[in-house]
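# Descriptive analysis of the structure
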Amino acid sequence: MKLDQQTIAQLAEHLENAELQAHDVLKITDDHPEMDWGDAYAIQNEILRRKLARGNKVVGLKCGLTSRAKMQQMGVETPCFGFLVDNFTVDDGGTVKTAELIHPKVEPEIVFVLKKALSGPGCHVGNVLAATDFVMPGIEVIDSRYRDFKFDLKSVIADNCSSSRYALGGMAVPVADLDLRTLGVVMEKNGQVVSIGAGAAVLGHPAAAVAMLANHLGARGEEIPAGTMILSGGVTEAVSVAAGDHVNLRIQSLGSVSLRFA
Ligand code: 0L1
Ligand code: MG
(Lines give C-alpha, C1' and ligand atoms only; values in the text may rest on other atoms or scores of the structure.)
(Ligands and ions follow the chains in the order given, each with its own letter.)
Protein backbone atom coordinates (compact mmCIF):
# COMPACT_ATOMS: atom_id res chain seq x y z
CA MET A 1 0.00 0.00 0.00
CA LYS A 2 1.27 3.45 -0.93
CA LEU A 3 -1.38 5.72 0.60
CA ASP A 4 -1.74 6.43 4.33
CA GLN A 5 -5.01 5.82 6.19
CA GLN A 6 -5.90 9.51 6.25
CA THR A 7 -5.59 9.81 2.46
CA ILE A 8 -7.64 6.62 1.97
CA ALA A 9 -10.39 8.03 4.22
CA GLN A 10 -10.32 11.40 2.39
CA LEU A 11 -10.56 9.77 -1.04
CA ALA A 12 -13.42 7.53 0.13
CA GLU A 13 -15.33 10.57 1.41
CA HIS A 14 -14.60 12.45 -1.84
CA LEU A 15 -15.93 9.60 -4.01
CA GLU A 16 -18.91 8.78 -1.82
CA ASN A 17 -19.92 12.45 -1.68
CA ALA A 18 -19.82 12.50 -5.49
CA GLU A 19 -22.15 9.47 -5.48
CA LEU A 20 -24.56 10.84 -2.86
CA GLN A 21 -24.63 14.38 -4.30
CA ALA A 22 -24.66 13.17 -7.93
CA HIS A 23 -21.74 15.22 -9.18
CA ASP A 24 -18.73 14.07 -11.15
CA VAL A 25 -15.04 14.24 -10.18
CA LEU A 26 -11.72 13.66 -11.94
CA LYS A 27 -10.11 10.25 -11.67
CA ILE A 28 -8.21 10.02 -8.39
CA THR A 29 -4.99 8.63 -9.89
CA ASP A 30 -4.45 12.11 -11.44
CA ASP A 31 -3.54 13.36 -7.94
CA HIS A 32 -2.33 10.00 -6.57
CA PRO A 33 -0.42 8.25 -9.39
CA GLU A 34 1.45 6.15 -6.82
CA MET A 35 -1.65 4.37 -5.49
CA ASP A 36 -1.63 0.57 -5.86
CA TRP A 37 -4.31 -2.16 -6.07
CA GLY A 38 -4.36 -2.51 -2.28
CA ASP A 39 -5.07 1.22 -1.95
CA ALA A 40 -7.84 1.00 -4.56
CA TYR A 41 -9.70 -1.77 -2.69
CA ALA A 42 -8.96 -0.08 0.67
CA ILE A 43 -10.76 3.06 -0.57
CA GLN A 44 -13.70 0.92 -1.76
CA ASN A 45 -13.78 -0.83 1.66
CA GLU A 46 -13.79 2.55 3.40
CA ILE A 47 -16.81 3.59 1.28
CA LEU A 48 -18.51 0.37 2.40
CA ARG A 49 -17.61 1.09 6.04
CA ARG A 50 -19.17 4.56 5.75
CA LYS A 51 -22.39 3.08 4.32
CA LEU A 52 -22.63 0.35 6.97
CA ALA A 53 -22.11 2.96 9.69
CA ARG A 54 -25.09 4.83 8.19
CA GLY A 55 -27.25 1.71 8.43
CA ASN A 56 -26.99 0.32 4.91
CA LYS A 57 -26.90 -3.46 4.47
CA VAL A 58 -24.85 -5.41 1.93
CA VAL A 59 -27.26 -7.25 -0.42
CA GLY A 60 -24.81 -8.65 -2.94
CA LEU A 61 -21.51 -8.47 -4.78
CA LYS A 62 -20.65 -7.61 -8.36
CA CYS A 63 -18.08 -8.52 -10.94
CA GLY A 64 -17.39 -5.71 -13.41
CA LEU A 65 -15.57 -5.44 -16.71
CA THR A 66 -15.86 -9.18 -17.31
CA SER A 67 -16.65 -9.06 -21.03
CA ARG A 68 -14.30 -8.12 -23.87
CA ALA A 69 -16.95 -5.60 -25.07
CA LYS A 70 -16.91 -3.85 -21.67
CA MET A 71 -13.12 -3.95 -21.37
CA GLN A 72 -12.74 -2.43 -24.83
CA GLN A 73 -15.46 0.16 -24.14
CA MET A 74 -13.65 1.32 -20.98
CA GLY A 75 -10.04 0.77 -22.15
CA VAL A 76 -9.03 -1.69 -19.39
CA GLU A 77 -7.74 -5.27 -19.41
CA THR A 78 -8.83 -6.78 -16.08
CA PRO A 79 -12.15 -7.36 -14.26
CA CYS A 80 -12.95 -5.61 -10.99
CA PHE A 81 -15.15 -6.44 -7.98
CA GLY A 82 -17.50 -4.36 -5.88
CA PHE A 83 -20.41 -4.47 -3.42
CA LEU A 84 -24.17 -3.75 -3.62
CA VAL A 85 -26.13 -2.24 -0.73
CA ASP A 86 -29.85 -2.17 -0.03
CA ASN A 87 -30.53 1.32 -1.33
CA PHE A 88 -29.15 0.35 -4.75
CA THR A 89 -32.10 -2.08 -5.18
CA VAL A 90 -34.98 -1.20 -7.53
CA ASP A 91 -37.99 -3.49 -8.05
CA ASP A 92 -38.57 -5.20 -11.39
CA GLY A 93 -40.62 -2.69 -13.41
CA GLY A 94 -39.69 0.06 -10.96
CA THR A 95 -38.46 3.58 -11.58
CA VAL A 96 -34.92 4.94 -11.25
CA LYS A 97 -34.73 8.65 -10.42
CA THR A 98 -32.12 10.08 -12.79
CA ALA A 99 -31.82 13.24 -10.65
CA GLU A 100 -30.04 11.04 -8.08
CA LEU A 101 -27.48 9.92 -10.68
CA ILE A 102 -24.78 11.57 -12.82
CA HIS A 103 -24.80 9.83 -16.25
CA PRO A 104 -26.39 6.39 -15.84
CA LYS A 105 -25.88 3.46 -18.21
CA VAL A 106 -27.53 0.02 -18.17
CA GLU A 107 -26.05 -3.39 -18.77
CA PRO A 108 -27.54 -6.90 -19.01
CA GLU A 109 -26.35 -9.31 -16.33
CA ILE A 110 -26.69 -13.00 -15.52
CA VAL A 111 -27.14 -13.02 -11.74
CA PHE A 112 -26.08 -15.90 -9.48
CA VAL A 113 -27.50 -16.72 -6.04
CA LEU A 114 -25.41 -19.21 -4.07
CA LYS A 115 -26.64 -22.01 -1.81
CA LYS A 116 -23.11 -22.80 -0.54
CA ALA A 117 -20.13 -20.63 0.33
CA LEU A 118 -17.33 -20.36 -2.23
CA SER A 119 -13.70 -19.84 -1.36
CA GLY A 120 -10.46 -19.50 -3.29
CA PRO A 121 -7.71 -19.93 -4.27
CA GLY A 122 -8.40 -22.61 -6.84
CA CYS A 123 -12.12 -21.96 -7.26
CA HIS A 124 -13.27 -22.93 -10.78
CA VAL A 125 -16.42 -22.97 -12.92
CA GLY A 126 -17.40 -26.43 -11.61
CA ASN A 127 -17.22 -25.28 -7.98
CA VAL A 128 -19.38 -22.27 -8.82
CA LEU A 129 -22.04 -24.33 -10.61
CA ALA A 130 -22.12 -26.83 -7.71
CA ALA A 131 -22.58 -23.99 -5.22
CA THR A 132 -25.24 -22.09 -7.22
CA ASP A 133 -28.85 -22.22 -6.06
CA PHE A 134 -30.23 -20.45 -9.16
CA VAL A 135 -29.56 -17.79 -11.76
CA MET A 136 -31.85 -14.97 -12.88
CA PRO A 137 -31.76 -11.92 -15.16
CA GLY A 138 -30.68 -8.54 -13.82
CA ILE A 139 -30.28 -5.02 -15.17
CA GLU A 140 -27.36 -3.17 -13.60
CA VAL A 141 -27.39 0.63 -13.67
CA ILE A 142 -23.81 1.87 -13.52
CA ASP A 143 -22.96 5.50 -12.81
CA SER A 144 -19.22 6.19 -12.68
CA ARG A 145 -18.48 9.14 -10.49
CA TYR A 146 -15.70 10.07 -12.94
CA ARG A 147 -16.25 12.75 -15.55
CA ASP A 148 -17.38 11.25 -18.87
CA PHE A 149 -16.71 7.72 -17.52
CA LYS A 150 -12.95 8.45 -17.98
CA PHE A 151 -10.95 6.36 -15.53
CA ASP A 152 -8.26 3.75 -15.10
CA LEU A 153 -8.75 0.45 -13.30
CA LYS A 154 -7.46 1.60 -9.89
CA SER A 155 -9.69 4.67 -9.94
CA VAL A 156 -12.78 2.63 -10.89
CA ILE A 157 -12.12 -0.02 -8.21
CA ALA A 158 -11.90 2.75 -5.60
CA ASP A 159 -15.26 4.03 -6.92
CA ASN A 160 -16.87 0.64 -6.15
CA CYS A 161 -16.81 -0.24 -9.85
CA SER A 162 -19.42 2.41 -10.74
CA SER A 163 -22.12 0.59 -8.72
CA SER A 164 -25.33 2.50 -8.45
CA ARG A 165 -28.65 0.63 -8.92
CA TYR A 166 -29.82 -2.79 -10.05
CA ALA A 167 -33.04 -4.75 -10.57
CA LEU A 168 -33.60 -8.50 -10.59
CA GLY A 169 -36.51 -10.20 -12.30
CA GLY A 170 -37.59 -13.07 -14.48
CA MET A 171 -37.36 -16.59 -13.10
CA ALA A 172 -34.99 -18.18 -10.58
CA VAL A 173 -33.69 -21.15 -12.59
CA PRO A 174 -31.35 -23.89 -11.31
CA VAL A 175 -28.22 -24.19 -13.45
CA ALA A 176 -28.23 -28.00 -13.88
CA ASP A 177 -30.12 -27.96 -17.19
CA LEU A 178 -28.76 -24.67 -18.56
CA ASP A 179 -25.73 -23.97 -20.71
CA LEU A 180 -24.98 -20.46 -19.46
CA ARG A 181 -22.56 -19.90 -22.34
CA THR A 182 -25.24 -20.10 -25.02
CA LEU A 183 -28.05 -18.23 -23.26
CA GLY A 184 -29.19 -15.45 -25.59
CA VAL A 185 -29.44 -11.93 -24.17
CA VAL A 186 -31.55 -9.16 -25.74
CA MET A 187 -31.80 -5.67 -24.23
CA GLU A 188 -34.29 -3.10 -25.53
CA LYS A 189 -34.51 0.62 -24.87
CA ASN A 190 -37.86 2.24 -25.66
CA GLY A 191 -38.88 -0.82 -27.67
CA GLN A 192 -35.76 -0.87 -29.87
CA VAL A 193 -33.12 -3.60 -29.52
CA VAL A 194 -29.92 -1.88 -28.31
CA SER A 195 -27.72 -4.85 -27.43
CA ILE A 196 -27.57 -8.56 -28.15
CA GLY A 197 -25.21 -11.13 -26.69
CA ALA A 198 -24.74 -14.57 -25.17
CA GLY A 199 -23.49 -15.68 -21.77
CA ALA A 200 -20.10 -16.73 -23.14
CA ALA A 201 -19.26 -13.03 -23.61
CA VAL A 202 -18.54 -13.01 -19.86
CA LEU A 203 -15.06 -14.58 -19.60
CA GLY A 204 -16.14 -17.55 -21.76
CA HIS A 205 -18.64 -18.64 -19.05
CA PRO A 206 -20.41 -16.36 -16.54
CA ALA A 207 -19.52 -18.76 -13.71
CA ALA A 208 -15.85 -17.98 -14.44
CA ALA A 209 -16.48 -14.42 -13.23
CA VAL A 210 -17.88 -15.73 -9.94
CA ALA A 211 -14.88 -18.08 -9.59
CA MET A 212 -12.58 -15.11 -10.18
CA LEU A 213 -14.40 -13.20 -7.42
CA ALA A 214 -13.98 -16.17 -5.03
CA ASN A 215 -10.26 -16.32 -5.86
CA HIS A 216 -9.91 -12.55 -5.43
CA LEU A 217 -11.53 -12.73 -1.97
CA GLY A 218 -9.55 -15.89 -1.11
CA ALA A 219 -6.31 -13.97 -1.64
CA ARG A 220 -7.58 -11.61 1.09
CA GLY A 221 -8.60 -14.41 3.47
CA GLU A 222 -12.32 -13.93 2.71
CA GLU A 223 -14.99 -16.08 1.05
CA ILE A 224 -18.34 -15.58 -0.68
CA PRO A 225 -20.95 -16.59 1.91
CA ALA A 226 -23.84 -18.98 1.13
CA GLY A 227 -26.89 -17.03 -0.01
CA THR A 228 -24.90 -14.27 -1.71
CA MET A 229 -26.38 -12.67 -4.84
CA ILE A 230 -23.70 -11.86 -7.45
CA LEU A 231 -23.90 -9.84 -10.66
CA SER A 232 -21.50 -11.66 -12.99
CA GLY A 233 -20.85 -8.67 -15.26
CA GLY A 234 -22.35 -6.94 -18.27
CA VAL A 235 -22.78 -9.33 -21.21
CA THR A 236 -22.60 -6.42 -23.68
CA GLU A 237 -21.44 -2.82 -23.75
CA ALA A 238 -23.31 -0.51 -21.38
CA VAL A 239 -26.01 1.72 -22.91
CA SER A 240 -26.70 5.32 -21.78
CA VAL A 241 -30.15 6.10 -20.40
CA ALA A 242 -32.02 9.30 -19.53
CA ALA A 243 -35.30 10.36 -17.96
CA GLY A 244 -38.21 8.99 -19.98
CA ASP A 245 -36.43 5.82 -21.07
CA HIS A 246 -37.76 2.31 -20.52
CA VAL A 247 -35.35 -0.65 -20.58
CA ASN A 248 -36.34 -4.29 -20.94
CA LEU A 249 -33.95 -7.23 -20.72
CA ARG A 250 -34.78 -10.75 -21.86
CA ILE A 251 -32.48 -13.68 -21.21
CA GLN A 252 -33.24 -17.02 -22.86
CA SER A 253 -34.81 -19.50 -20.39
CA LEU A 254 -34.64 -16.93 -17.54
CA GLY A 255 -37.41 -14.47 -18.48
CA SER A 256 -37.33 -10.69 -18.41
CA VAL A 257 -36.77 -7.69 -16.15
CA SER A 258 -37.42 -4.02 -16.82
CA LEU A 259 -36.75 -0.54 -15.47
CA ARG A 260 -38.10 2.96 -16.11
CA PHE A 261 -36.05 6.13 -15.81
CA ALA A 262 -37.72 9.32 -14.58
O1 0L1 B 1 -20.42 -3.41 -13.93
C2 0L1 B 1 -19.50 -3.09 -14.68
O3 0L1 B 1 -19.05 -3.86 -15.56
C4 0L1 B 1 -18.92 -1.72 -14.57
C5 0L1 B 1 -17.59 -1.74 -13.97
C6 0L1 B 1 -17.00 -0.39 -13.93
C7 0L1 B 1 -16.67 0.19 -15.25
C8 0L1 B 1 -17.74 1.05 -15.84
O9 0L1 B 1 -18.16 2.02 -15.20
O10 0L1 B 1 -18.12 0.80 -16.96
MG1 MG C 1 -22.11 -4.67 -14.39
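Placed above this text is the structure.
Notes on the structure in this doc start here. (Residues numbered from 1 in each chain as written. Chains lettered and ligands numbered in written order. Predicted model: local features only at pLDDT ≥ 70, side-chain atom pairs only at ≥ 80, totals over all residues. Heavy atoms only, no water.)

### A short note on the pairing of strand β9 (residues 229–234)
As a reminder of what qualifies: When accessible area is computed with a 1.4 Å probe and restricted to protein chains, residues below 20% of their type maximum are described as buried, those above 50% as exposed, and intermediate ones as partly exposed. Each helix corresponds to a stretch of at least 4 residues labelled H or I by DSSP, and each strand to a stretch of at least 2 residues labelled E; elements are numbered beginning at the N terminus. When DSSP finds at least two bridges between two strands, those strands are taken to pair.
Of all six residues that make up β9, six are buried, and the element is covered over most of its length. The pairing of strand β1 (residues 58–64) with β9 spans two bridges and is classified as parallel. Residue pairing for β9: L61 is matched across the bridge by I230. Taken together, the four bridges between strand β4 (residues 105–114) and β9 define a ladder with antiparallel strand orientation. The partner of E109 across the bridge, within β9, is G234.

### Concerning the site of ligand 1
What counts here: Proximity criterion: a residue is near a molecule or strand once any of its heavy atoms comes within 4 Å of it. Whenever two N or O atoms come within 3.5 Å, that pair is a polar contact, provided that in protein one can donate a hydrogen and the other can accept it, and provided that, for residues adjacent in sequence, both atoms are side-chain atoms. Here, Shrake-Rupley sampling with a 1.4 Å probe gives the accessible areas, and only protein chains in the shown set may cover a residue. Think of it as three bins: nonpolar holds Ala, Val, Leu, Ile, Met, Phe, Trp, Tyr, Cys and Pro, charged holds Asp, Glu, Lys and Arg, and polar takes everything else, Gly as well.
Neighbouring residues of ligand 1: 13 residues in total, closest K62, K70, E107, E140 and S162. Within the backbone of L65, a nitrogen or oxygen atom sits 2.9 Å from an oxygen atom of ligand 1. Bound to the protein, ligand 1 loses 100% of the 300 Å² it would expose on its own. If you list the elements that add at least two residues to the shell around ligand 1, you get β1, α3 (68–74) and β5 (132–142). Partitioning the shell around ligand 1 into residue classes produces seven nonpolar, two polar and four charged.

### Re the pairing of strand β8 (residues 192–198)
Looking at chain direction, strand β7 (residues 184–189) and β8 are connected through six bridges and run antiparallel. Bridging from a neighbouring strand, V186 pairs with I196 of β8. Between the antiparallel neighbours β7 and β8 lie two residues, among them N190 with a positive phi of about 55°.

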